[in-house]
Amino acid sequence: MEKQISYTLKKEDRLKSRKTIELLFKNGKTVNIFPLRIFYLLTPDTTSEQNKLQAGFSASTKNFKKAIDRNRIKRLLRESYRLQKHSLTEQLEISDKRLSIFFVFNGNELPDYKIVYEKMQSSIKRLQKIINESGVANI
């Protein structure tokens, strides 16, 4: 019997903790895939209470003055992430790690969904590669 993939983005999957976000920006690493900047923090999973994968989303106030534009971008980011996060979740289960991610949109123009989806796909592939490399180093 096959395991069914859940394409949801629950409240527990979102990065909400101010403490975790501060730690992410202070100690985390970055990956740039224009127009996205991805901050990530990969840690060993010591507890099974929290989710192994949490994500946050933001759009630059400098480039998008209107809140309606920033909200639209964040909505597009969340939707494309929701549909593609299952591969990251599976990989984190295997490697027994936790990953906190924060996606920041830095482009100048309001994007369409196709561009956001493609950039999210390439950023998730890059994160998978990073998880693989970190797992090999620990063995």
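### Section: the overall build of the protein chain
Then comes step 1: Helix and strand counts for the protein chain stand at four helices and four strands.
Then comes step 2: Starting at the N terminus, the α and β elements of the protein chain follow one another as α-β-β-β-α-α-β-α.
Then comes step 3: On C-alpha atoms alone, the protein chain measures out to a radius of gyration of 15 Å, which is about the 14 Å that the 2.2 N^0.38 rule sets for 139 residues.
Then comes step 4: Sorting the 139 residues of the protein chain into buried and exposed places 39% on the buried side.
Then comes step 5: Across the protein chain, the fraction of contacts at a sequence separation of at least 24, relative to all contacts at a separation of at least 6, is 80%.
Then comes step 6: Approximately 9,100 Å² of the protein chain is accessible, and the part contributed by carbon and sulfur atoms is 49%.

### A closer look at the packing of aromatic side chains
Then comes step 1: Considering all chains together, one arrives at seven aromatic pairs under this definition.
Then comes step 2: Here the aromatic rings of Phe-57 and Phe-103 are separated by 5.6 Å at their centres, their planes lie at 10°, and the arrangement is stacked. Here Phe-57, found in strand S3 (residues 53-59), pairs with Phe-103, found in strand S4 (residues 97-105); they are 46 residues apart in sequence, far enough to count as distant.
Then comes step 3: Given a relative accessible area of 12%, Phe-57 falls into the buried group.
Then comes step 4: In this structure Phe-103 comes out as buried when scored by relative accessible area, which is 0%.
Then comes step 5: Between Tyr-113 and Tyr-117, the ring centres sit 5.8 Å apart and the planes meet at 45°, which makes this aromatic pair tilted. Of this pair, Tyr-113 and Tyr-117 both sit in helix H4 (residues 113-138), four residues apart, which is roughly one turn of the helix.

### Observations concerning the environment of Lys-26
Then comes step 1: Mapped onto the elements of the fold, Lys-26 is located in helix H1 (residues 18-27).
Then comes step 2: Spatially, the C-alpha atom of Lys-26 lies 15 Å from that of Arg-37, the residues being 11 residues apart in sequence.

### Here's the deal with the confidence of the model for the protein chain
Then comes step 1: Taken over all residues, the pLDDT of the protein chain has a mean of 88, while the share at 70 or more is 91%.
Then comes step 2: Element-level mean pLDDT values for the protein chain span from 86 in H4 up to 96 in helix H2 (residues 67-84).

### Observations regarding the sheet that holds strand S2 (residues 36-44)
Then comes step 1: Within the open sheet, the four strands sit side by side as S1-S2-S4-S3. Their pairing is mixed. Every interior strand has two partners, whereas the edge strands, strand S1 (29-33) and S3, have only one. Each neighbouring strand pair of the sheet contributes to a mean axis angle of 20°, computed without reference to strand direction.
Then comes step 2: Packed on one face of the sheet, H1 meets S1, S2 and S4 and runs near 105° to S2.
Then comes step 3: Packing against the sheet, helix H3 (residues 86-95) makes contact with S2, S3 and S4, and its axis sits at approximately 150° to S4.

### A word on H2
Then comes step 1: The end-to-end C-alpha distance of H2 is 26 Å, a good match for the 26 Å that 18 residues give at a rise of 1.5 Å each.
Then comes step 2: Among all positions in H2, only Arg-70, Ile-73, Leu-76, Leu-77, Ser-80, Tyr-81 and Gln-84 are buried. Projected onto a plane normal to the axis of H2, the buried residues spread over an arc of 125° and lie on a single side.

### Some points on the pairing of S4
Within a regular strand, the side chains alternate between the two sheet faces.
Then comes step 1: The buried fraction of S4 amounts to nine of the nine residues, a majority that puts the element mostly inside the structure.
Then comes step 2: Across the two faces of S4 the burial is the same, with Lys-97, Leu-99, Ile-101, Phe-103 and Phe-105 and Arg-98, Ser-100, Phe-102 and Val-104 all buried.
Then comes step 3: Bridging between S2 and S4 involves nine bridges; their strand directions are antiparallel. Each bridged residue has a counterpart across the sheet, and for Arg-37 the counterpart in S4 is Val-104.
Then comes step 4: For S3 and S4, the ladder comprises seven bridges, and the chain directions are parallel. By the bridge assignment, Ala-55 is partnered in S4 with Ile-101.

Criteria and thresholds
- By convention here, each chain's residues receive numbers from 1 onward along its written sequence.
- Local features in a predicted model are, by the rule used here, given only for residues with pLDDT of at least 70; side-chain atom pairs are given and counted only at 80 or more, and totals for whole chains, interfaces and linings are based on all residues.
- By convention in this description, side-chain values take in all heavy atoms of the structure and omit both hydrogens and water.
- Secondary structure elements are taken from DSSP: a helix is a run of H or I of four residues or more, a strand is a run of E of two residues or more, and numbering for both begins at the N terminus.
- Radius of gyration: over C-alpha atoms. The globule rule applied is 2.2 Å multiplied by the number of residues raised to the 0.38 power.
- Only protein chains enter the accessibility calculation, which uses a 1.4 Å probe. A residue is then buried if its area is under 20% of the maximum for its type, exposed if over 50%, and partly exposed in between.
- Throughout, a residue-residue contact means that at least one pair of heavy atoms, one from each residue, lies within 4.5 Å.
- Method for areas: the Shrake-Rupley scheme with a 1.4 Å probe, in which residue coverage is limited to the protein chains shown.
- Working definition: rings of Phe, Tyr and Trp (its six-membered ring) pair if their centres are within 6.5 Å, and the pair is stacked with planes under 30 degrees apart, edge-to-face with planes over 60 apart, and tilted otherwise.
- For every residue, the predictor states its confidence as a pLDDT score lying anywhere from 0 to 100.
- Here a strand pair is declared whenever DSSP counts at least two bridges between the two strands.
- The angle between two axes is taken between their N-to-C directions and runs from 0 to 180 degrees, where each axis is a line fitted to C-alpha atoms and a helix contributes only its stretch in contact.
- The span you would expect from a helix comes to 1.5 Å times its residue count less one.
- It is the directions from the helix axis to the C-beta atoms that the arc portrays.

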